[in-house]
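Survey of secondary and tertiary structure
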Amino acid sequence: MSPAAPVTLPDLEPLWMPFTANRQFKKDPRLLVAAEGMYYTAHDGRRILDGIAGLWCCNAGHCHPKIVAAVREQAGRLDYATAFNLGHPAAFELAGQVAALAPGSLDHVFFVNSGSEAVDTALKIALAYHRARGEAQRTRLIGRERGYHGVGFGGISVGGIVANRRMFSASMLPGVDHLPHTHDLAHNAFSRGQPAWGAHLADDLERIVALHDPSTIAAVIVEPVAGSAGVLPPPAGYLERLRAICDRHGILLILDEVITGFGRTGANFAAQTFGVQPDLMTVAKGITSGVVPMGAVLVDRRIYDAFMTGPDYAVGFFHGYTYSGHPLAAAAGLAALEVYREEGLFERARRLAPVFEEALHGLRGCRHVIDIRNLGLMGAVELAPRAGEPTQRAMDVFRRCYDAGVLVRTTGDILALTPPLIISESEIAQIVDTLRGAIQATA
Ligand code: PXG
């Protein structure tokens, strides 16, 4: 990709940007105008090395020719088909391929358009499943502090990121509890992979279950590795304990794999990395390598079957979206899965994970750095916050990296890295070196 000419910016005012300090951004805008492989091109013509796969999604790298061609071809052949009482072949084909990647009997797939929709759909499936089995009193949902499950009302209710909840606190779902998060610097700082300490925190589920009575609890939802909260790998044994407690009390376990799915942890899904079988799994992002919006809920056979007990003509589940299984998304998904297979990208992630871990932990000892965490090709560097100015130290590092041609992500005072799975060892080194320089230069 040759360096591009600078682009004249449009009027920035009308767009209300998501999760962004709008006034600050519009004074000093950063627009992306093209992409290829590991690189973006910025509006000023500079190449930016992508350390975060767009936003944890472009696992095959940018503008992969196979995925681009598949979407182009699909757009010219069948632009749209409703999924209600009709269908098109690619959606069925993709459902089969996604189910084949999933562990155990997660063999049915419900398509949606985002991670947020996947989460709200999974929560609704959980409630409706219990009701279909004559346990309509199972309505409580359990999330976790620091969990991110998107921005629907269901997702923010079970989610545990305070800033995403407090503006709307009076309007969230009732009957939701939260497990404690597992982030504890006193015990886990600078862990490589899964921390050794913290499995016992899963036992808090027993307390919640006892408090409300198990017969009232529908589902527990957690990210196998918390992503948005700053890459928090599960303590060794933690997910297994959650699974065992859910089993003991007839509670469904939903693993939210919107970030961890499709190779991020070095396996198809984190459920396989950790050997823990969920009843429902939510995915998005990497399912199309970010090229067309799509999400999905992967559903255990017995849950699907519970909806198929009425007469054949009855609608089993009153839920769905205009764009469920959209032809362009399905085409992008099929092409992305083919690229993952052909290029062995999940194995590549597994192979590169130790290189990534070594490079990232090389930042230990840099000024401000109070923790480094990693799992697969996800990693985070946590900085001590600047007194009286939380988040601003990491934002400064983000800007310095961007100016030096590397895209990273901040959350609080944490810098997160989740590169495309096509990354090379030298690009890992370049990202980490740039991060080191930026951290050292930041007050
Ligand atoms: N679940 C998880 C685990 C996620 O990470 C969602 C649900 C929602 O997906 P949608 O497609 O509705 O955004 C997500 C999304 C960040 C960041 O930098 C992460 C996400 C979204 C925006 C920013 O941490 N993850």
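What counts as what
- Residues numbered from 1 in each chain as written.
- Predicted model: local features only at pLDDT ≥ 70, side-chain atom pairs only at ≥ 80, totals over all residues.
- Near = placed C-beta within 6 Å.
- Helix = DSSP H or I, 4+ residues; strand = E, 2+ residues; numbered from the N terminus.
- Nonpolar A, V, L, I, M, F, W, Y, C, P; charged D, E, K, R; others polar.
- Domains from an automatic or database assignment.
- Axes fitted to C-alpha atoms, helices over the stretch in contact; angles between N-to-C directions.
- Parallel < 35°, antiparallel > 145°, perpendicular 65-115°, else oblique.
- Left-handed = near helix turned anticlockwise from the far one by under 90°.
- Contact = placed C-beta atoms within 7 Å.
- Core = buried A, V, L, I, M, F, W, Y, C linked by C-beta atoms within 7 Å.
- Buried ≥ 20, exposed ≤ 12 C-beta atoms within 10 Å, placed from the backbone.
- Pairing = 2+ DSSP bridges.
- Expected span 1.5 Å × (residues − 1).
- Bend = angle between axes of the 7 residues up to and from the residue.

This brings us to the site of the ligand. If you check the shell around the ligand, you find 18 residues, and the closest are Gly115, Ser116, Gly150, Ser228 and Val258. Of all the secondary structure elements, the ones that give two or more residues to the shell around the ligand are α2 (53–56), α5 (115–132) and β14 (409–411). Here the element with the most residues in the shell around the ligand is α5; it accounts for three residues. Its residues placed into classes, the shell around the ligand shows seven nonpolar, eight polar and three charged. Three or more residues apiece are contributed to the shell around the ligand by two domains, here domain 1 (22–60 + 345–441) and domain 2 (68–342).

Another aspect to go through is the packing of helix α3 (residues 65–77) against helix α13 (residues 327–342). One way to put it is that α3 packs onto α13 with a least axis distance of 8 Å and a crossing angle of 155°. By the angle class used here, α3 and α13 are roughly antiparallel. Here α3 and α13 pass one another in a crossing that is right-handed. Here Lys66, Ile67, Ala70, Val71, Gln74 and Ala75 of α3 lie close against α13, whose contacting residues are Pro327, Leu328, Ala331, Ala332, Leu334, Ala335, Ala336, Glu338 and Val339. A class-by-class count of the residues in the contact of α3 with α13 yields 12 nonpolar, one polar and two charged.

Turning to the nonpolar core, a few remarks are in order. Core analysis: the biggest nonpolar cluster contains 130 residues, and Val220, Leu280, Ala296 and Leu298 have the highest contact counts within it. A per-element tally of this core places α13 first, with 11 residues. Two domains share this core, each providing at least three of its residues, namely domain 1 (22–60 + 345–441) and domain 2 (68–342).

Moving on: the domain arrangement of the protein chain. By the assigned domains, the protein chain splits into domain 1 (22–60 + 345–441) and domain 2 (68–342). Computed over C-alpha atoms only, the centres of domain 1 and domain 2 are separated by 26 Å. On the domain 2 side, the residues contacting the 32 residues of domain 1 number 29 residues. Looking at the side of domain 1 that touches domain 2, the elements that each hand over two or more residues are α2, α14 (345–361), β11 (369–375), β12 (378–383) and β15 (414–417). Here the side of domain 1 that touches domain 2 takes seven residues from α14, the largest share from any one element. Here the residues of the side of domain 1 that touches domain 2 are counted per class, giving 17 nonpolar, nine polar and six charged.

One way to put it is that α14 packs onto helix α16 (residues 425–441) with a least axis distance of 10 Å and a crossing angle of 20°. Taken together, the axes of α14 and α16 lie roughly parallel to each other. The handedness of the crossing between α14 and α16 is right-handed. Facing Val355, Phe356, Ala359 and Leu360 of α14, the residues of α16 in contact are Glu425, Ile428, Ala429 and Val432. Across the contact of α14 with α16, the residue classes tally to seven nonpolar, no polar and one charged.

As a further point, take the pairing of strand β9 (residues 280–283). Here β9 shows no split at all, with Leu280 and Thr282 on one side and Met281 and Val283 on the other all buried. The sheet contact formed by strand β8 (residues 252–256) and β9 spans three bridges and is parallel. The residue of β9 that forms the bridge with Leu255 is Met281. Inspection of the sheet shows β9 paired to strand β10 (residues 295–300) by four bridges, in the antiparallel sense. Bridging across to β10, Val283 finds its partner in Ala296.

We now examine the sheet that holds strand β7 (residues 217–222). In spatial order, the strands read β4-β10-β9-β8-β7-β5-β6; together these seven strands make up an open sheet with mixed pairing. The open sheet has two edge strands, β4 (106–112) and β6 (176–179), and neither has a second partner. Here the average twist between neighbouring strands, direction ignored, is 20°. Here three bridges tie strand β5 (residues 140–144) to β7, and the two strands are oriented parallel to one another. By the bridge assignment, Arg140 is partnered in β7 with Ile217.

Taking 1.5 Å of rise per residue, the 17 residues of α14 would be expected to cover 24 Å, and the 23 Å separating its terminal C-alpha atoms lies within 8% of that figure. Along its length, α14 reaches its greatest deviation from straightness, about 40°, at Leu352, and the proline Pro354 lies no more than four positions downstream.

Below, the discussion takes up the pairing of β12. Strand residues, when the strand is regular, have side chains that alternate between the two faces of the sheet. Most of β12 sits inside the fold, with six of its six residues counted as buried. Burial along β12 is two-sided: the face carrying Met378, Ala380 and Glu382 and the face carrying Gly379, Val381 and Leu383 are both buried. The pairing of β11 with β12 spans six bridges and is antiparallel. Note on β12: the bridge partner recorded for Arg373 is Ala380. Between the antiparallel neighbours β11 and β12 lie two residues, among them Gly376 with a positive phi of about 55°. With four bridges connecting them, β12 and β15 associate as antiparallel partners. Note that in β15 the partner of Val381 across the bridge is Leu415.

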